[in-house]
Amino acid sequence: MKWLLSFVGGMVAYSFLKMLAEYSTRKQREEAWRMMAEGRNEEAKEMRHRNSTMKTNDTPDWDTIDWAEVDDSKDLLKIVLSRVIEKLCVVSIQEPAVFVGVEQEVQWIQRELMDARVTYSYAPEQLMDVAYDFEDVIDDLILRSAAKQRRIGNWERCLLVTRIHKKLELIKSKIPDLPHLPYMEAKGACPFNYSIEEIVWSDIFLIHGQSVANTVVSPVEEKVSALLAQEAIHPYTKKKAMRVLDKLRSLNGFLKGLESVELDDGGLVWMEELSHVCLSAVVAIEDFINRTQQLTKRSWMGPSKGFLSAFGKFKSQDKLAVEMDKIYAKIQNLSIHRPTAVNSQGQSRNPKFTLGSTERIPRQPTTQEPDLASFGDDVHAMIARLLTDDQNFRVIPIMGMQGIGKTTLANLIFNHKAVVDHFPFAAWRSDGYRFQLRYKGELLQSGRSQCRVWSNQYEMQRLIPFLINDRSLIVLDNWNFFVDDLEMLPDALNGSRIILTTCETKLPPNLKMKSDPHPLRLRTNEESWALFTHALKFSLPPELLKLKEEIAKRCGGLPLLIVKLGEALSHKDATIEEWSTALQQFHHDQQQLWPNTLYKIHKDLSLYMRRCLFYFTLFPQDFDIPARRLITLWVAEDLVQPEGENETPEDVAERCLNLLIAQGMLQVTKKKLNGNVKMVRLPDALRQYWSSKAQQATFLGVHTNTRSELSLGTNKIRRLVDHLDKEDISFDHIHGNHNRTSSSSLTPCYEDVLSFQSFDTRKESKPGEEVGNFLRQSISSGGFLVLLVLDLENVFRPKLPEAMGKLTRLRYLGLRSTFLEILPSSISKLQNVQTLDMKHTCINTLPNSIWKLQQLRHLHLSESCRSKLMLRHDTNIPTILQTLCGLLVDEETPVRDGLDRLLDIRKLGLTVSSKQEAITLQLQAVVDWVLKLNQLRSLRLKSIDESNQPWDLELKPLVSLVNLSYIYLLGWLRNPSIMSQFPYSLIDLTLSGSGLVEDPMQSLDKLPNLRSLKLLAKSYLGKNMLCSLGGFPQLRVLKLWKLEQLEEWHVEKGALQALRDLEIRFCRSLKILPAELLHRTLLKIEIISAQ
């Protein structure tokens, strides 16, 4: 007891002496400030030398004041003061009663702060500190109002009032003692005196206001709001977090301005550093909140645990305050050293790229007709827009980079039979003043090849009567030459259309409301090959088919390059050796045709989109990247942020991906059957250029490809990638002798790593052992502790160490296709994991502790391994879960009062399998749960018995699920009327084992958006099938598999107009194809007969 009293007495004495010393130092510092304010500079300097406890920058001397920092702090001070005064005004209007007893003190402080906001005569840092204290008082006054409404006890109310009075007295005592800034003459002006409004920013193409300012600042705002919502948060900690947020908000205008200018390498480094600092703020607050929640749970375990919990919370708050101070200092330093634009007009600083802004790639002479197969989807989409019943005058711009095929597509549409029949009058105008006119009556007399040509601009006037009297189509190829001409065309309400081809991504304001743009993308591998073979002047020998993939990759999906390569190889000997040599030479020659796209990256691509594009450089060259994988990685690293209330980060990431595709930055190498993007790739020429930019921007940290460029231990790596390259600087650490590698040598290399991806796809035990040992040693040595992404997709059975539990900041754990058999028990400690992907693993049971991952949003399980979840009725499951796929539901799985608490599910994949007496009840519970999922977009539902055969599936109408676009059903449908009760939003439908006896086509053909329909084994047991006139307007893919009773299939004229892919397998009774489908030029038909 004596020891305890001595300890407490010592601590009190130490605190008193420390407080006394700080008071003395503060008084001396304030006295020096006063001397400077009165012009007594020499006396102030003397005091500084006399008192060694004063720091150099404490005295406001001309030599010691950092005016750049003072000027930068004024911007932040303005934001803080404005917010505090505005908050006070709102409270005084809505809750005037809370000021009873403190009116005079509050009004006096308010006047002082308002005066300070105008004069800025006080030192900004000290005045800002007072403003934060006053904001804390305002929050207490709001609590006072809430306390009255709750009718709390007199004692608690008295404590609250006393606390408010004490805080106000402290603020009043601080204000008179605030140090004044010395008067600064013009010669001492800060060089950082330009404002964001003084810079001329060029226009830029953005998606829904998404910007780097939003993606950088929004996550910090969200986390600070979550922090302030915590109970018993100390004002000191609150102040530190708010100061960081306010400092970031003060940069908002500047960050938005950066979107439309080109930054030099230093500017890109600055942007990447700011992003990294903001991410540090986010994870620091996340750690604090998670730690506080854990300590709160312990406080209920008894008095001793409660005491330790309180001490832990105090320590955590102190640690967070220190972290916020460090982060604030970094942001302030970045704010002072803001980058400047290389050219504020958005022109490229590299002369070889500026040519692309005005000079077009020469058209390649060719005598061949355009290839319809390569542009089939685009032709269909454009014709659908042209032939709508809308009578308003519409403009349809075909947008895309030079050489992407805009003129080719416009030509295919202009001469399409449906277009010729629909528009009595048509005109084509290309560069210069060349006009081609086609009038239906005249065309019949002189033939399609006969066109009248006008060469004078005034002849445009002759078009006006046709536009007024007839439904007309006008094509303006390279519309930038005809801006003035567009104003002459009347707005006739007869369904007339204009097609524009343009490289621009922005249209004049007068056309925006009338336009329906069609961005033209790079061609897929299959489309590229079709275009290449079309450009060849001879039939391709079978032995050259080996080069198919290489040819598609070399051209990057750009039609101009594809045609050029085809014509070049037409003059070469048709041998493997000759073509391989020509391909190598072509790889070097094609670089000159991409500068226009590189120019657009500099001119039009926003900063946050560039950071998304950087991510492609992490993947191996020529690697087809799954779109779902890329989107998940972007979200995990906060590269995109949601904007609307019902919008997810994944929605924004998908829009971002689509925009990069539309602008010709990315090639879609493979599409899903329903037309959605499946695989993407960065074309070789763009990858080579963009990889160097990623290095310069330190997006990869300093991770370079060759050992000679960097010696380990001298710099940090932020994004670590294992390409199984022996020249890579980290190869020995990952694949070398781990017994010889000391843990201490790994610490400086990997302590700042944000993501680790491995592309070691060797099919043996060695990859899993090596990556497991590397993770174990790195984590035990203090590395990877700030890791956000661990992506081991396709690494065979990685041996995950128990030390993984230390990766508390991890957000994405990718284990897809690893065939992993067991997870470490410490996985339940990964409190921030948002995505856990275990598809195609051998893990069949997950422990109940998996539900401790309260931030989990996407859970992918292995359907083939019949993965089960252990779930008790009292388990606190993460209700924010949006994806749950591959789950086996058996008699032990609690659906009611268990899984059905998950109401935010957007993607659901379940296999219901149980004993026959239990399966019906479980299915009913699942169906009732599905009907509650208003956000559901994808449903995959299987019903199988113990023998793995289709079982009953009694489904209820799904028409109320208006967001549902994908449905896969396996099981005997006991309610066949469900066929007419699918939602109109449905895009992709698969039926298997449904046992339908009535023709499903008569119901399904009315779904307006259905693109893919697969009727698999025993889904339809009837003999006849009919597709009626006008049915299936959007259906692209139709697969009929093992419909053994089907004998006759009739397709009426006008049905299945959009069909591109027909596959019939093992329909042994179907002998004849519908005559209507036999002569479709764009239809690919594959028939596999029954064995």
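Scroll up to find the structure.
Residues numbered from 1 in each chain as written. Predicted model: local features only at pLDDT ≥ 70, side-chain atom pairs only at ≥ 80, totals over all residues. Heavy atoms only, no water.

Q: Is there a simple way to explain the pattern of salt bridges in this structure?
A: It is possible for side chains of opposite charge to pair when their charged atoms get near one another. All told, the structure shown has 47 salt bridges when counted by the stated rule. Close ionic contact of Lys239 with Asp133 constitutes a salt bridge, the shortest N to O distance being 2.8 Å. Taken as a pair, Lys239 in helix H8 (residues 235-249) and Asp133 in helix H5 (residues 124-150) lie far apart in primary sequence, 106 residues in all. A relative accessible area of 13% means that Lys239 is categorised as buried. Residue classification places Asp133 among the buried residues on the basis of a relative accessible area of 16%. Ionic pairing is found between Lys553 and Glu549, a salt bridge with its closest N-O pair at 3.1 Å. (Salt bridge = Lys/Arg side-chain N within 4 Å of Asp/Glu carboxyl O. Helix = DSSP H or I, 4+ residues; strand = E, 2+ residues; numbered from the N terminus. Buried < 20%, exposed > 50% of the residue type's maximum accessible area, 1.4 Å probe, protein only.)

Q: Teacher, can you tell me more about the environment of Met271 here?
A: Relative to the assigned elements, Met271 resides in helix H10 (residues 265-298). The spacing of Met271 and Val212 is 59 residues in sequence and 9.1 Å in space, taken between C-alpha atoms.

Q: Teacher, can you tell me more about the packing of helix H25 (residues 607-614) against helix H27 (residues 649-662) here?
A: Each pair of packed helices can be described by the angle between their axes along with the distance between the axes. Two elements in contact, H25 and H27, have axes whose closest approach is 11 Å; the angle formed by their N-to-C orientations is 85 degrees. Judged by the inter-axis angle, H25 sits roughly perpendicular to H27. Listed contacts from H27 to Tyr608, Met609, Cys612 and Leu613 of H25 are Cys656, Leu659 and Leu660. Looking at side-chain class alone, the contact of H25 with H27 contains seven nonpolar, no polar and no charged residues. (Axes fitted to C-alpha atoms, helices over the stretch in contact; angles between N-to-C directions. Parallel < 35°, antiparallel > 145°, perpendicular 65-115°, else oblique. Contact = heavy atoms within 4.5 Å. Nonpolar A, V, L, I, M, F, W, Y, C, P; charged D, E, K, R; others polar.)

Q: In this structure, what is going on with the nonpolar core? I would like to understand it.
A: Where a protein is soluble and globular, its nonpolar side chains tend to be buried together. Of all hydrophobic cores here, the largest spans 149 residues; its most connected members are Phe134, Leu255, Leu274, Phe616, Trp634 and Leu657. With 14 residues, the single largest contributor to this core is H10. In contact with Leu657, other than residues within four places in its own chain, are Phe616, Ala627, Leu630, Ile631, Trp634, Leu666 and Val680. Residues Leu856, Ile905, Leu958 and Leu1040 belong to the second largest nonpolar core, which totals 106 residues. (Core = buried A, V, L, I, M, F, W, Y, C linked by side-chain atoms within 4.5 Å.)

Q: Please explain the side chain of Ser826 as it appears in this structure.
A: Note that Ser826 resides in the loop between strand S13 (812-814) and strand S14 (835-837). In this structure the side chain of Ser826 is engaged in a polar contact, spanning 3.4 Å, whose partner is the backbone nitrogen of Gly805. Once you skip the residues sitting within four places of it in the chain, Ser826 turns out to touch Pro801, Glu802, Met804 and Gly805. (Polar contact = N/O pair within 3.5 Å; in protein donor to acceptor, adjacent residues only side chain to side chain.)

Q: What's the story with the packing of helix H7 (residues 212-228) against H8 in this structure? I'm lost.
A: Close contact between H7 and H8 brings their axes to 10 Å; oriented N to C, the two are set at 160 degrees. The pairing of H7 with H8 is recorded here as roughly antiparallel in orientation. Judged by the sense of rotation from one axis to the other, the crossing of H7 with H8 is left-handed. Contact residues: Val217, Val220, Glu221, Val224, Leu227 and Leu228 in H7; Lys238, Ala241, Met242, Leu245, Leu248 and Arg249 in H8. (Left-handed = near helix turned anticlockwise from the far one by under 90°.)

Q: Which parts of the structure should I look at to understand a positive patch on the surface?
A: A cluster of basic residues, Lys670, Lys672, Lys678, Lys839 and Lys907, forms a positive patch at the surface. Along the chain, the position of Lys839 falls in the loop between S14 and strand S15 (845-846). (Patch = residues over 30% accessible without salt bridge, like charges linked within 9 Å, V, L, I, M, F, W, Y side chains within 5 Å. Areas by Shrake-Rupley, 256 points an atom, 1.4 Å probe, with all protein chains shown as cover. Lys, Arg positive; Asp, Glu negative; His and termini not counted. Charge placed at Lys NZ, Arg CZ, Asp CG, Glu CD.)

Q: Help me out: how do you make sense of unusual backbone geometry in this one?
A: Most peptide bonds take the trans configuration, and most residues that are not glycine carry a negative phi. The phi dihedral of Arg797 falls on the positive side, at around 45 degrees, and the residue is not glycine. Tracing the backbone shows Arg797 in the loop between strand S12 (789-791) and S13. Accessibility expressed as a relative area gives 31% for Arg797, which makes it partly exposed. Positioned with a positive phi, Ser817 is a non-glycine residue whose angle comes to about 60 degrees. Mapped onto the elements of the fold, Ser817 is located in the loop between S13 and S14.

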